[in-house]
Amino acid sequence: MGDARYLFEDILENKITIEPVDKDKIKTIKKEWDRVSKPIDSFGKYETLHSKIGAIQGFMAPDLYHARLIVCCGDHGIVEEGVSQVDQDVTRICATNIGKGLTTTGVMARHLGIDILAVDVGINYAKEVPNTLNRRVKYGTCNFLKQPAMSVEEFSRAVQVGMDLVLDSKDAGFNLLLVGEMGIGNTTSASVVAGYLLDLSAEKVTGRGAGLDDEGFSKKRAVVSMALSMYSGLSPVEICSNFGGLELAAMTGVILGGALYKVPVVLDGMLSMVSAVVADRLLENTKDYLIPSHLSKEPVATKLASKLSLEPPMDAAMAVGEGAGAVMLISQLRMADIAFHDALKFGDSGVDQYENFKEL
């Protein structure tokens, strides 16, 4: 085992600090992009993210091929309130299919040779879920309108699961991690957490999730509004314990682990961004180690990206979940990487070197 194992309790006790990503290392890779025979910065955000991944990994060019998709799965007691069009059994069914690589995200990941790890952090099922890694902390969260979704201790255990998954993945040879989730009802929990973190109303944080009709959407927004009126002055841990999800907590742990173990983590949509805001509130500079993929169609997505100072390259009104946007980004970055390595360089192409006026 290479790195020492970090404990979440040490983060809560402010015993750990994270240094920002070395900007000089990013600039070094970006200068190699400037040698490619094309207009300077013409690959835009893809050049920036490509260079950032390499800098985090400590390489002169990023490794985009030893990649793993971690899909954290868990159930939500708030589905009792009719905030989803399907019941909790769908979480278990989808988690099984994710582990098999048969879902929309799974088939894309398998096509790209990305390893898929479905993790049961809190599925409400009496037996072990096939094709998943069993790290179950609890049989789903509680209905947060009636009692806290989970205890602080359960939240902490779920975060630790995510942190440990990063170290285990790094030890297994994965230099790049993608994060996704599966949990019926989780956009309701994430909307409440986002509302508390960003001080926004239910109208500004609540979307239709997996596709609610008008009646369902109205019910969901009312639930989020009630939850946002329950407390004030909560810490991030208290917010997540009262309203969050076990899979959201595990994603927070993956994001923290990426910063701690220097492994870039590619975010998916709104749900992973909520977990990222929590992680960055708990450990400063964590967001420096994140790679954004897309802006989901959830209404709060843009505000979450802004809070994280991230600029996702894709804005396609997606709402797939499971890490679909993260997987799609890797396919695009690999195409950019081909140009980075194989396209003609200035001088070889018969075109004189362009100047980068941003450097002047």
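The structure contained in this document is the topic of the report that follows.

Reading guide: rules and limits
- Residues numbered from 1 in each chain as written.
- Predicted model: local features only at pLDDT ≥ 70, side-chain atom pairs only at ≥ 80, totals over all residues.
- Heavy atoms only, no water.
- Helix = DSSP H or I, 4+ residues; strand = E, 2+ residues; numbered from the N terminus.
- Rg over C-alpha atoms; globule rule 2.2 N^0.38 Å.
- Contact = heavy atoms within 4.5 Å.
- Areas by Shrake-Rupley, 256 points an atom, 1.4 Å probe, with all protein chains shown as cover.
- Lys, Arg positive; Asp, Glu negative; His and termini not counted.
- Charge placed at Lys NZ, Arg CZ, Asp CG, Glu CD.
- Expected span 1.5 Å × (residues − 1).
- Buried < 20%, exposed > 50% of the residue type's maximum accessible area, 1.4 Å probe, protein only.
- Core = buried A, V, L, I, M, F, W, Y, C linked by side-chain atoms within 4.5 Å.
- Salt bridge = Lys/Arg side-chain N within 4 Å of Asp/Glu carboxyl O.
- Polar contact = N/O pair within 3.5 Å; in protein donor to acceptor, adjacent residues only side chain to side chain.
- Disulfide = S-S within 2.5 Å.

A look at the overall build of the chain
The secondary structure content of the chain amounts to 14 helices and 8 strands. Taking 2.2 N^0.38 as the reference for a compact globule, 360 residues should give roughly 21 Å; the C-alpha atoms of the chain span a radius of gyration of 20 Å, in line with that estimate. Taken over the C-alpha atoms alone, the chain extends approximately 70 × 45 × 40 Å along its principal axes. A separation threshold of at least 6 residues defines the contact pool for the chain, and within that pool the share at least 24 residues apart is 75%. For the chain, the exposed surface amounts to about 15,000 Å²; the carbon and sulfur share of it is 50%. Between the averaged position of the 36 positive side-chain charges in the chain and that of its 47 negative side-chain charges there is a distance of 1 Å.

Structural notes on helix α14 (residues 324–342)
For α14, which comprises 19 residues, the first-to-last C-alpha distance of 28 Å matches the rise-based estimate of 27 Å (1.5 Å per residue) to within 8%. For α14, the full list of buried residues reads A324, G325, A326, V327, L329, I330, L333, R334, A336, D337, A339 and F340.

Quick word on the nonpolar core
Counting residues in each nonpolar core, the largest one holds 111 residues, and the members touching the most others are I11, L178, L267 and L304. Ranked by residue count, the leading element in this core is helix α11 (residues 246–261), at 11 residues. Not counting the four nearest positions on each side in its chain, L304 is found in contact with A194, L198, M270, M273, V274 and V277. By size, the runner-up hydrophobic cluster in this structure holds 5 residues, among which are I29, V36, A336 and F340.

Quick notes on the pattern of salt bridges
Applying the stated criterion across every chain yields a total of 14 salt bridges. Notably, a salt bridge pairs R5 with D168, separated by 3.3 Å at the nearest N-O pair. You can see R5 sitting in the segment before α1 (8–12) and its partner D168 sitting in helix α6 (residues 152–171), a full 163 residues away along the chain. Judged by its relative accessible area of 36%, R5 falls in the partly exposed class. The class of D168 is partly exposed, set by a relative accessible area of 35%. E80 serves as the salt-bridge partner of K146, at 3.2 Å between the closest nitrogen and oxygen. One end of the pair, K146, is in the loop between β3 (133–134) and α6; the other, E80, is in the loop between β1 (67–74) and α4 (89–100), with 66 residues separating them in the sequence. Like K146, the residue E80 is exposed in the burial classification.

Describing the side chain of R136
Following the sequence through the fold, R136 ends up in the loop between β3 and α6. Owing to a relative accessible area of 16%, R136 belongs among the buried residues under this scheme. A distance of 2.7 Å separates the side chain of R136 from the side chain of D120, its partner in a polar contact. At a separation of 3.3 Å, a polar atom in the side chain of R136 contacts the main-chain carbonyl oxygen of I123. Setting aside chain neighbours within four positions, we find R136 in contact with D120, V121, G122, I123, Y125, A126, K127, E128, V129 and R157.

Overview of the side chain of K138
Tracing the sequence through the fold places K138 in the loop between β3 and α6. Note on K138: relative accessible area 17%, which makes it buried. Side chain to side chain, K138 and E154 meet in a polar contact 3.4 Å long. For K138, the contacting residues outside a window of four places in its chain are V121, G122, I123, A149, M150, E154 and L246.

What about unusual backbone geometry?
Negative phi is the rule for most residues except glycine; trans is the rule for most peptide bonds. The phi torsion at S309 lies on the positive side, around 60°, for a residue other than glycine. Taking relative accessible area as the criterion, S309 reaches 56% and is therefore assigned exposed. Positive phi, close to 55°, is recorded for A317, a residue that is not glycine. Looking at the element boundaries, A317 is found in strand β8 (residues 314–318).

Here we look at the state of the cysteines
In this structure the tally under the stated criterion is 0 disulfides. C72 provides the cysteine sulfur closest to C73, a residue in no disulfide bond, and the two sulfurs are 7.2 Å apart. Just so you know, C142 is unpaired, no disulfide at all, and the nearest cysteine sulfur is the one on C240, 16 Å from it.

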